[in-house]
Amino acid sequence: MPYRYLEDVATADVAFEAKGETVEEMFISAAHAVTGAMVERLDAVEGKEGVCIRVEEHNLEMLLFDFLQEIIYYKDARRLLLVVEELDIDRNATPMTLSALTKGETLDPERHPLLTDVKAVTMHRFSVEQTDGAWKATVVLDI
Amino acid sequence: MAVPAALKKITDTTWELPVSFKPGMLVPARIYATEKLISRMDEGVFEQVTNVACLPGIIDYAYCMPDGHWGYGFPIGGMAAMDPETGVISPGGIGFDINCGMRLVLTSLTLDQVRPELHRLVDTLFSRVPCGVGSSGFIRLSRDEFRLVTEMGARWCLKKGYALPEDLEMTEEGGCFAGADASAVSEKAVERGFDQIGTLGSGNHYLEIQVARPENIYDEETARAFGITLPNQIVVMFHCGSRGFGHQVATDYLKLFLSVTEKKYGIKVNDRELSCAPFRSPEGQAYFAAMKCAVNMAFANRQVILHRIREVFSSVFHRSPEELGMSMVYDVAHNTAKLEKHLVHGRTKQILIHRKGSTRAFGPGMEGVPECYRETGQPVIIGGSMETGSYLLAGMPGGREAFFTTAHGSGRAMSRHQAKKLFRGRKLQREMEERGIYVRTASWGGLAEEAGPAYKNIDEVVEATELAGLSKRVVKLVPIGNIKG
């Protein structure tokens, strides 16, 4: 899985590193790291309902921040667990735009063994970087 | 874990990092801890508390309590007082879970009476008090009614029959921060929270049935004043906050502050999570008004949960809540910013106190403490791990030097990831049951993360607060039943 949870950062919370060969892949990995912090098995989430997410920002970091925040928003506002199917980023647009097609279903503790509620994306050590042609983000979630 | 070489011991329980520790520090950082606790404090605490010391308008010190651990922005266990005229307000000094707090409720039942009914009691509470990821409550409100809740706090509960007048008296600030303005809150925040009143949430949030054993009473007279009068008396403690609503309020304003901190106000911060605005600026005032809405939602949330707890006890023991002596000891907030009057350099002054994972602990005789606690000082509720127990303490006169603030919990010693590798939820539940603690959980993985050894020793933390003169131990409360979100 192209994300991993970090052990030695932010004792009380959940930190992760998400990677991708393209910036889009990295964003998808990061979204799945967020949902993966809430339920034990992402593959148990069925694509019963589609939700389009669109965000606009002036830089990639804030674009990722807003996008992950949308995943958290749907968990509370509509009790939806979402998995990203397609994602496009237009970095040349002003502001930059992200459009994602996500699919998911209503949270059902019987079928989705719960982990921990994610409260928010924090800005603590938040970073997006491109190294050796690959993309990496580091994120600390408030739990 | 290495303690910075610059850390100076001031007393047995007070440590300081001088302004020379980091460029930009305006005041020294002060950490309350015993030698043992400080030697194990994680590196994030020293980094974060000294970042706080760089914030404009900070008074005296950037503080960290003995339960301090690595958070985001402020350390957890952090506190900073700002001059409201020259200082800033920062969502990173309050946390996303605005007015996360603790409530303690008495009963006139004893262990012998509760033990035979424990499973039924915990099972019923588990089914009646929703918990876990994204859970919603039993109260159905329109968005407009919810906005009213955010402006009225526990007063709304009183109007709707979910509270007794004395509950409000026993809640910090009467269960309502004045000046909350729902127009400062986004639609998104309302959408995230309007159906979550009466829910516990998850993570370290819990509801616990506890017992006050005679051998765990440290101060009999104060215990009596707080309502602990019977040997092996049963009490109920719970820990939760403002749910998705508060989380979104904090997120919205973090984003706003990210765009103005440096660009508009020329303030440089070492961690973007410390983004802030001058307290007297339009952005600062808007956040303060919105934050108060989240504070009030949390007070209402805990009040509705208390209503449910009373219903459950009443159904299990076939007596009314009044007959069961179910009155509140107190409700304390541990993630807030508040204007309070304190003595600053010899003069009484109104200052803005950020508390993030730290608790107000007003001492004897202070205004703002219910009349019945004027002699003892304010009850302080410090939650420990579900295996080891929690404490009821009282504010002390010595709290003055930290603007009457103390710890809020035992503080994590192990990351969640590490705890999950070491412990298994189901096994832990069996082991705890063998030790007489019956646990129900919405999340086995979450339960493993909350295992006792993942936390600092609460006995050491509260002892440190007492030695430092911040809060004195009244009684240790040990769990017999627990609901984990």
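An account of the accompanying structure is given in this report. Note that the structure is a prediction, hence the values are computed from the model and not measured.

1. Brief notes about the sheet that holds strand β3 (residues 49–57) of chain A
Strand pairing in a sheet is mediated by backbone hydrogen bonds. Such pairs are either parallel or antiparallel.
Residue and element names in this part refer to chain A.
Link 1 in the chain: Strand order in the open sheet made by the three strands is β3-β5-β4, with antiparallel pairing throughout. Both edges of this open sheet fall to β3 and β4 (80–90), since each of them pairs with a single strand only. With strand direction ignored, the average angle separating the axes of adjacent strands in the sheet is 25 degrees.

2. Details of the pairing of strand β2 (residues 14–20) of chain A
All names here are of chain A.
Link 1 in the chain: Counting buried positions along β2 yields six of seven residues, so the element is predominantly enclosed.
Link 2 in the chain: The pairing of strand β1 (residues 3–6) with β2 spans four bridges and is antiparallel. Paired with Y5 across the two strands is F16, which belongs to β2.

3. Remarks on the interface of chain A and chain B
Link 1 in the chain: On the chain B side, the residues contacting the 40 residues of chain A number 48 residues.
Link 2 in the chain: At the boundary of chain A with chain B, total buried surface from both sides reaches about 3600 Å², with 52% on carbon and sulfur atoms.
Link 3 in the chain: Area buried by chain A at its contact with chain B is led by E7(A), T11(A) and K119(A), which between them contribute 19% of it.
Link 4 in the chain: Here K188(B) ties to E70(A) by a salt bridge, and the two come within 2.1 Å at their closest N and O atoms.
Link 5 in the chain: Along the contact surface separating chain A from chain B lie 23 residue pairs in polar contact (both at pLDDT 80 or more).
Link 6 in the chain: Only α2 (60–77) and β6 (120–121) of chain A provide two or more residues apiece to the side of chain A that touches chain B.
Link 7 in the chain: Looking at which element gives the most residues to the side of chain A that touches chain B, the answer is α2(A), with 11 residues.
Link 8 in the chain: Split by residue class, the side of chain A that touches chain B holds 20 nonpolar, five polar and 15 charged.

4. Considerations on the nonpolar core
Link 1 in the chain: Of all hydrophobic cores here, the largest spans 154 residues; its most connected members are F27(A), L64(A), F67(A), L68(A), I31(B) and F245(B).
Link 2 in the chain: Setting aside its immediate chain neighbours within four residues, L64(A) contacts M26(A), F27(A), A30(A), F126(A), V128(A), A137(A) and V139(A).
Link 3 in the chain: If you look at the next biggest cluster of nonpolar residues, it comprises 58 residues, including M170(B), L207(B), L324(B) and I381(B).

5. Points about the pattern of salt bridges
Link 1 in the chain: One pass over the full model with this rule turns up 58 salt bridges over all chains.
Link 2 in the chain: Two residues, E7(A) and K421(B), come together in a salt bridge whose shortest N-O distance is 2.5 Å. With one member in each of two chains, E7(A) in the loop between β1 and β2 and K421(B) in helix α12 (residues 416–422) form a pair that bridges those chains.
Link 3 in the chain: Where K255(B) meets D66(A), a salt bridge forms, and the shortest distance between an N and an O atom there is 3.0 Å. Here the residue K255(B) occupies a position in helix α10 (residues 243–260), and D66(A) occupies one in helix α2, the pair thus bridging two chains.
Link 4 in the chain: A relative accessible area of 9% means that D66(A) is categorised as buried.
Link 5 in the chain: In the salt-bridge network here, residues are joined through shared partners; they are E172(B), E173(B), K338(B), E340(B), R355(B) and R360(B).

Parameters at a glance
- Residues numbered from 1 in each chain as written.
- Chains lettered and ligands numbered in written order.
- Predicted model: local features only at pLDDT ≥ 70, side-chain atom pairs only at ≥ 80, totals over all residues.
- Heavy atoms only, no water.
- Pairing = 2+ DSSP bridges.
- Helix = DSSP H or I, 4+ residues; strand = E, 2+ residues; numbered from the N terminus.
- Axes fitted to C-alpha atoms, helices over the stretch in contact; angles between N-to-C directions.
- Buried < 20%, exposed > 50% of the residue type's maximum accessible area, 1.4 Å probe, protein only.
- Contact = heavy atoms within 4.5 Å.
- Buried area = accessible area lost by both parts, 1.4 Å probe.
- Salt bridge = Lys/Arg side-chain N within 4 Å of Asp/Glu carboxyl O.
- Polar contact = N/O pair within 3.5 Å; in protein donor to acceptor, adjacent residues only side chain to side chain.
- Nonpolar A, V, L, I, M, F, W, Y, C, P; charged D, E, K, R; others polar.
- Core = buried A, V, L, I, M, F, W, Y, C linked by side-chain atoms within 4.5 Å.

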